[in-house]
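Chain by chain, the residues:
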Amino acid sequence: GGLEGAKALSVHKGVRKQLLTFAREGKGLAAICAAPMILGELGILEGKRATIYPGMEEHLIGAVHIEEDVVRDINIITSQGPATAMEFALSIVEFFKGKEAAEEIAEDEEAPVLLHNNRFSESVEGVLASFGLPAKRLIYIYIHGIRTGR
């Protein structure tokens, strides 16, 4: 996880290929914590607005760094880290289902409980699943690894 996990993913040929394919096809890409550096290294963030874990801004190669918890630029969503995971997940819901759907889940008193288990992947997948969104409809990179799909 963390920086070491992002570094390991950044050299994985399959991950790199899938990210470039999704970017070229305009599919959803979402990265959190140190993982936006992979998008920067691949040139995917060129001219895009993005954020990353504080102190790692130089890794957003070609991007316009925005000092916000979560930044969406068309099909690319970036977030600063675990503390921003709920907002990150809601941004993904909004990407697929719209603002109203994201607001509905944000108002659900039980939704934040998803993050208390400290397992980020399950938390994001739980938020997406609550709206019938399979995580496989986008690539999202997170601090503990990657899930990919079409």
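Turning to the overall build of the chain, a few remarks are in order. Within the chain, the regular secondary structure consists of six helices and seven strands. Reading the chain from its N end, one meets helices and strands in the order α-α-β-α-β-β-β-β-α-α-α-β-β. Going through the 150 residues of the chain one by one, you find that 49% of them count as buried. In the chain, the proportion of contacts linking residues at least 24 apart, taken out of those at least 6 apart, comes to 52%.

Turning next to the pairing of strand E5 (residues 76-79). What you see with E5 is no split at all: Ile76 and Thr78 on one side and Ile77 and Ser79 on the other are buried throughout. With four bridges connecting them, strand E1 (residues 29-32) and E5 associate as parallel partners. Residue Ile32 lies in a different strand from E5, and its bridge partner there is Ser79. Sheet topology places strand E4 (residues 70-73) next to E5; four bridges connect them, and they run antiparallel. Residue pairing for E5: Asp73 is matched across the bridge by Ile76. If you look at the hairpin formed by E4 and E5, you'll find two residues sitting between the two strands, and Ile74 has a positive phi there, around 60°.

Right, let's talk about the packing of aromatic side chains for a bit. Centre-to-centre distance and the angle between the planes together describe a pair of aromatic rings. Taken as a whole and assessed by the stated rule, the structure comprises one aromatic pair. The interplanar angle of 85° and the centroid separation of 4.9 Å between the aromatic rings of Phe95 and Phe96 together place this pair among those described as edge-to-face. The ring of Phe22 carries Lys27 above its face, with NZ or CZ at 4.8 Å from the centroid.

The next point concerns the packing of helix H4 (residues 85-97) against helix H5 (residues 99-107). Across the interface, H4 lies against H5 with an axial gap of 7 Å and an inter-helix angle of 145°. The two elements H4 and H5 cross, and the hand of that crossing is right-handed. Of the residues in H5, those in contact with Leu90, Val93, Glu94 and Lys97 of H4 are Lys99, Ala101, Ala102, Ile105 and Ala106. Residues of the contact of H4 with H5, tallied by class, amount to six nonpolar, no polar and three charged.

Listed in full, the buried residues belonging to H5 are Ala101, Ala102 and Ile105. For H5, the buried positions fall inside an angular range of 100° around the axis, keeping them on one side. Exposed residues on H5 whose side chains face more than 90 degrees from its buried face are Lys99, Glu100, Glu104 and Glu107.

Given a rise of 1.5 Å per residue, 13 residues ought to cover 18 Å, and the 18 Å separating the end C-alpha atoms of helix H2 (residues 13-25) matches this to within 8%. Looking at H2, one finds that the buried residues are Val15, Gln18, Leu19, Thr21 and Phe22. Projection of H2 onto a plane perpendicular to its axis shows the buried side chains occupying an angular sector of 165°, all on one side. Of the exposed residues in H2, the ones pointing more than 90 degrees away from its buried face are Lys13, Lys17 and Arg24.

Thresholds applied
- Residues numbered from 1 in each chain as written.
- Predicted model: local features only at pLDDT ≥ 70, side-chain atom pairs only at ≥ 80, totals over all residues.
- Heavy atoms only, no water.
- Helix = DSSP H or I, 4+ residues; strand = E, 2+ residues; numbered from the N terminus.
- Buried < 20%, exposed > 50% of the residue type's maximum accessible area, 1.4 Å probe, protein only.
- Contact = heavy atoms within 4.5 Å.
- Pairing = 2+ DSSP bridges.
- Phe/Tyr/Trp six-rings, centres within 6.5 Å; stacked < 30°, edge-to-face > 60°.
- Lys NZ or Arg CZ within 6 Å of the ring centre and 35° of its normal.
- Axes fitted to C-alpha atoms, helices over the stretch in contact; angles between N-to-C directions.
- Left-handed = near helix turned anticlockwise from the far one by under 90°.
- Nonpolar A, V, L, I, M, F, W, Y, C, P; charged D, E, K, R; others polar.
- Arc of directions from axis to C-beta.
- Expected span 1.5 Å × (residues − 1).

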